[in-house]
Amino acid sequence: MKKVAFLVPKLAAGGAERITLYLADALAKAGYEVTIVSMHSGGDLVKQVPPGVSLVSLNCNRPAAAILPMLRFVIQHKPHVVVSALDSANILNALVKRIWPRFRAVLAIHSTPSRVYNQSEPAVNTRAERMRTALLRADQIVSVSEASREDAAHFFRIPLERFRLIYNPCIPGNVDELVNDRPDSVPKEPYAVFVGRLIPDKQVDGLLRIWTTMRDKPLVIVGDGPEREQLMQLVLELQLDSCVHFAGFQTNPFPWLQRARLAILCSRREGLPTVLAEALYLGTPIVAFDCPSGPREMLRGGQYGALVPPDDWEALRSAVERTWSIPPPAVPAEAWAPYRTEQAVAEYIKVIEDK
């Protein structure tokens, strides 16, 4: 039985972390011995670690401090492959690989690097160079969308063929069980829904500002994050407390998406937004900024949802009004099939087995 380890900074309530749990669960069921290694302890998703998957915490805040604990882990547990996600975990994976090369280091890119590092601060540029060095040391690099793959290859100056496209497993194997869950807190009346981390890149503040012209439409915000208090205060300032509801972090967002009149993505950047795959599966209409990367690829240029020019808030508002008033379109299985867990796991098994 081959051993597989997944390395993440923390099991926070983010898309990459949820994807890690889906992959870990599926690979454990496929017969692999799976461990999730978290650099930091705690996180909203700790209790979601599936049965049959071990959890190890390094209790470190920085990649440099985590080198020795991670080195001890790979020497003692002898994983065949370590799959990492997000910058600090990817850098740590590559550093340990350099010291102890007896495992395959697989680094996953869940973002659009040119947007992540598009700043002039020296510290940001230094981190970008560290990421480039880490990617060059990887046995395999995985990108979660074609647009992200092309962007990363160009930004990091690494040949495109070094990047392997594997769509995220956004639709888990137990999706029907999740969909059939019926929380009492889900509103009965029609509403629009935002699902995601409450961080600056999600631009929920901009969404709230255009909602002042749509007070007749309830808006439910599903998620948590460092901007929650600030956004709740903005709701009060804009006098939106009668139509905007904060549902908090939900381990299972499917019921909230299924009952919604439409789902909104207003991000500044993405890699492969999980919420769009979930909405496509449920047949929930979508209004999304055409941000890099993912939405255009997933919605087939607007065929499966409304694509709006990035940061064009008036266009987003008009698209919400228009989508709200028309019947939901039929969404074929081909729209969401690439994001099923079975397909992603089959591709990751090829990576693990070096095929």
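Preceding this section is the structure that the text describes.
Calculation notes
- Residues numbered from 1 in each chain as written.
- Predicted model: local features only at pLDDT ≥ 70, side-chain atom pairs only at ≥ 80, totals over all residues.
- Heavy atoms only, no water.
- 1 Å grid on protein atoms, 1.4 Å probe; cavity = no way out; pocket = protein on both sides within 12 Å on 5 of 7 lines; lining within 4 Å.
- Points joined across faces, edges and corners; volume = space filled by probe spheres on them.
- Helix = DSSP H or I, 4+ residues; strand = E, 2+ residues; numbered from the N terminus.
- Nonpolar A, V, L, I, M, F, W, Y, C, P; charged D, E, K, R; others polar.
- Expected span 1.5 Å × (residues − 1).
- Bend = angle between axes of the 7 residues up to and from the residue.
- Buried < 20%, exposed > 50% of the residue type's maximum accessible area, 1.4 Å probe, protein only.
- Pairing = 2+ DSSP bridges.
- Axes fitted to C-alpha atoms, helices over the stretch in contact; angles between N-to-C directions.
- Contact = heavy atoms within 4.5 Å.

The final tally for this structure, using the stated rule, is 3 cavities of 30 Å³ or more. Considering only enclosed or pocket space, the largest cavity measures out at about 80 Å³ in volume. The wall of the largest cavity is formed by 14 residues, among which Thr20, Leu23, Val83, Ala85 and His110 lie closest to the centre. Secondary-structure elements contributing two or more residues to the lining of the largest cavity are strand 1 (3-8), helix 1 (15-29) and strand 4 (81-85). The biggest single contributor to the lining of the largest cavity is helix 1, with 4 residues. Of the residues in the lining of the largest cavity, the class split is 10 nonpolar, 4 polar and no charged. Taken together, Lys3, Val4, Ala5, Glu33, Thr35, Phe73, His77 and Pro79 make up the full set of residues lining the second largest cavity. Mapped onto the lining of the second largest cavity, the elements with two or more residues apiece are strand 1, strand 2 (33-38) and helix 2 (63-77). Of the residues assigned to the lining of the second largest cavity, the class counts are 4 nonpolar, 2 polar and 2 charged.

With that settled, the discussion passes to helix 2. Here helix 2 spans 20 Å end to end across 15 residues, near enough to the 21 Å set by a 1.5 Å rise per residue. The largest bend along helix 2 reaches roughly 30 degrees and is located at Pro69. Among all positions in helix 2, only Pro63, Ala66, Ile67, Pro69, Met70, Leu71, Phe73 and Val74 are buried. A positive backbone phi angle near 50 degrees is found at Lys78, which sits one or two residues after helix 2.

This part covers the sheet that holds strand 12 (residues 286-289). On the basis of which strands lie adjacent, the open sheet formed by 6 strands has the order 10-9-8-11-12-13 and parallel pairing. The outermost strands of the open sheet, each flanked by one partner alone, are strand 10 (244-248) and strand 13 (306-308). For this sheet, the mean inter-axis angle between neighbouring strands, taken without regard to orientation, is 20 degrees. Sheet analysis places strand 9 (residues 219-222) next to strand 10, joined by 4 bridges and oriented parallel. In the sheet register, Leu219 faces strand 10, and the bridge partner there is Val244. Seen against the sheet, helix 13 (residues 313-325) touches strand 8 (192-195), strand 11 (262-265), strand 12 and strand 13 and runs at an angle of roughly 170 degrees to strand 12.

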